[in-house]
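A structural walkthrough
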Amino acid sequence: ILYNIFRQLLKRLALRISLANRKYSWLKVFVEKRVFDWLAHILPVYILFVLGEIFAKYEDKIFLLGKVYFSVMVAVITARVLDALAALYNKAHEGQANIRPINSYVDLLKIIVYSFSGLLIIAILFKQSLLTILSGIGALTAVFLLVFRDTLLGLVASVQISTYNLVQIGDWIELQKYGIDGKVEDINLNTMKIRNFDNSVSVLPTHMV
């Protein structure tokens, strides 16, 4: 109940500020990307830690839950902020030709954030140091490479495309092998969206371009 009340207050305050002053119009994008929805979770987290002090008998379990909750909250907020910044960048360059895509970089940062958060949560649950968890990950590297093969290929391809400016949003490309002939509309970590000359949309894995 307190979370919902606090969430609505944060969103309304952000929207009022954005409407009152164009200088803070970016707050509206943060609301749309649900940054404040997740920021409002700080109140339940705080209540959990307070309850841990009140109910000393269950202090360890409550604090453990609170730490996991806080870790998830920070990770998701960071990812939402990255999405909002990407949206602001795309909006600022909307309609411009040859825009350098940043979605691949944003997706890469989100993977790093979520991976770090996952490792941190495992360390908290098993009451081990993060370094100990990281050292054990080495043995699972081969499994990760096999399971996330397509994602890793897409990651490498997206970074190369963005770094060397090989393909930009707005470029016209033709891939006869896949029956694609049109303009690039979006470049993400795993896929590239292309609108063909007949107005149909093709989505192609980035590493196949």
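As a reminder, the structure under discussion sits directly above these lines.
This write-up is about the structure you can find in this document. Model, not experiment: these values are computed from the prediction. (Residues numbered from 1 in each chain as written. Predicted model: local features only at pLDDT ≥ 70, side-chain atom pairs only at ≥ 80, totals over all residues. Heavy atoms only, no water.)

All right, on to the nonpolar core then. Residues Tyr3, Leu10, Ala14, Leu27, Val29, Phe30, Val31, Val35, Phe36, Ala40 and Ala84 constitute the largest nonpolar core, which totals 11 residues. The element contributing the most residues to this core is helix α2 (residues 26–32), with 4 residues. The residues contacting Tyr3, other than those within four sequence positions of it, are Asp37, Ala40, His41 and Pro44. The next biggest cluster of nonpolar side chains, apart from the first, holds 10 residues, and it includes Leu175, Ile180, Ile187 and Ile194. (Core = buried A, V, L, I, M, F, W, Y, C linked by side-chain atoms within 4.5 Å. Buried < 20%, exposed > 50% of the residue type's maximum accessible area, 1.4 Å probe, protein only. Helix = DSSP H or I, 4+ residues; strand = E, 2+ residues; numbered from the N terminus. Contact = heavy atoms within 4.5 Å.)

The next thing to look at is the packing of helix α1 (residues 2–20) against helix α4 (residues 42–54). The geometry of α1 relative to α4 is characterised by a closest axis approach of 8 Å and an angle of 140 degrees between their N-to-C directions. Facing α1, whose interface residues are Leu2, Tyr3 and Phe6, α4 presents Ile42, Leu43, Pro44 and Ile47. (Axes fitted to C-alpha atoms, helices over the stretch in contact; angles between N-to-C directions.)

Our focus in this paragraph is the sheet that holds strand β4 (residues 201–205). The sheet built from 4 strands is open, its strands ordered β1-β2-β3-β4 with antiparallel pairing. Looking at which strands have only one partner, the edges of the open sheet turn out to be β1 (172–175) and β4. The mean inter-strand angle of the sheet, taken between neighbouring strand axes irrespective of direction, is 45 degrees. In the sheet, β1 pairs with strand β2 (residues 180–187) via 4 bridges, with the strands oriented antiparallel. Bridge pairing links Ile173 to Gly182 in β2. (Pairing = 2+ DSSP bridges.)

This next bit is on the layout of surface pockets. Of the pockets and cavities examined, the largest pocket occupies roughly 450 Å³. Of all the secondary structure elements, the ones that give two or more residues to the lining of the largest pocket are α6 (103–125), α8 (141–147) and α9 (149–163). Looking at the lining of the largest pocket, its residues break down into 10 nonpolar, 3 polar and no charged. (1 Å grid on protein atoms, 1.4 Å probe; cavity = no way out; pocket = protein on both sides within 12 Å on 5 of 7 lines; lining within 4 Å. Points joined across faces, edges and corners; volume = space filled by probe spheres on them. Nonpolar A, V, L, I, M, F, W, Y, C, P; charged D, E, K, R; others polar.)

Inspection of every chain in the model, using the stated rule, returns 5 salt bridges. Residues Asp37 and Arg34 are paired through a salt bridge, measuring 3.3 Å at the closest nitrogen-oxygen approach. Overall, the relative accessible area of 8% leaves Asp37 in the buried class. Overall, Arg34 belongs to the partly exposed group, its relative accessible area being 39%. Put simply, Glu185 and Lys193 hold a salt bridge, and the shortest N to O gap is 3.8 Å. Where salt bridges share partners, they join Lys11, Arg34 and Asp37 into one cluster. (Salt bridge = Lys/Arg side-chain N within 4 Å of Asp/Glu carboxyl O.)

At Arg34, a position not held by glycine, the phi torsion is positive, near 65 degrees. With respect to the helices and strands, Arg34 occurs in the loop between α2 and α3 (35–39). Phi is positive for Asn199, which is not a glycine, with a value near 75 degrees. Looking at the secondary structure, you find Asn199 in the loop between β3 (191–196) and β4.

Right, let's talk about α1 for a bit. Given 3.6 residues to a turn, an α-helix orients residues that are three or four positions apart in the same direction. Its 19 residues give α1 an end-to-end C-alpha distance of 27 Å, which sits within 8% of 27 Å, the value for a rise of 1.5 Å per residue. Close packing links the buried residues of α1 with α2, α3 and α4. (Expected span 1.5 Å × (residues − 1).)

Compared with an ideal rise of 1.5 Å per residue, which puts 34 residues at 50 Å, helix α5 (residues 59–92) spans 48 Å between its outermost C-alpha atoms and is within 8% of the ideal. The set of residues buried in α5 consists of Ile62, Gly66, Val68, Ser71, Met73, Ala75, Val76, Ile77, Ala79, Leu82, Ala84 and Ala86.

Tracing the backbone through its elements, the reader meets Lys33 in the loop between α2 and α3. With near-sequence residues (within four places) excluded, Lys33 lies in contact with Arg80, Asp83, Ala84 and Ala87.

The alternating pattern of β4 places Ser202 and Leu204 on a buried face and Val201, Val203 and Pro205 on a face that is not buried. Relative to β4, β3 runs antiparallel, the two being bridged by 5 bridges. Its bridge partner lying in β4, Thr191 is registered against Pro205. The loop that links β3 with its antiparallel partner β4 comprises 4 residues; one of these, Asn199, has a positive phi angle of about 75 degrees.

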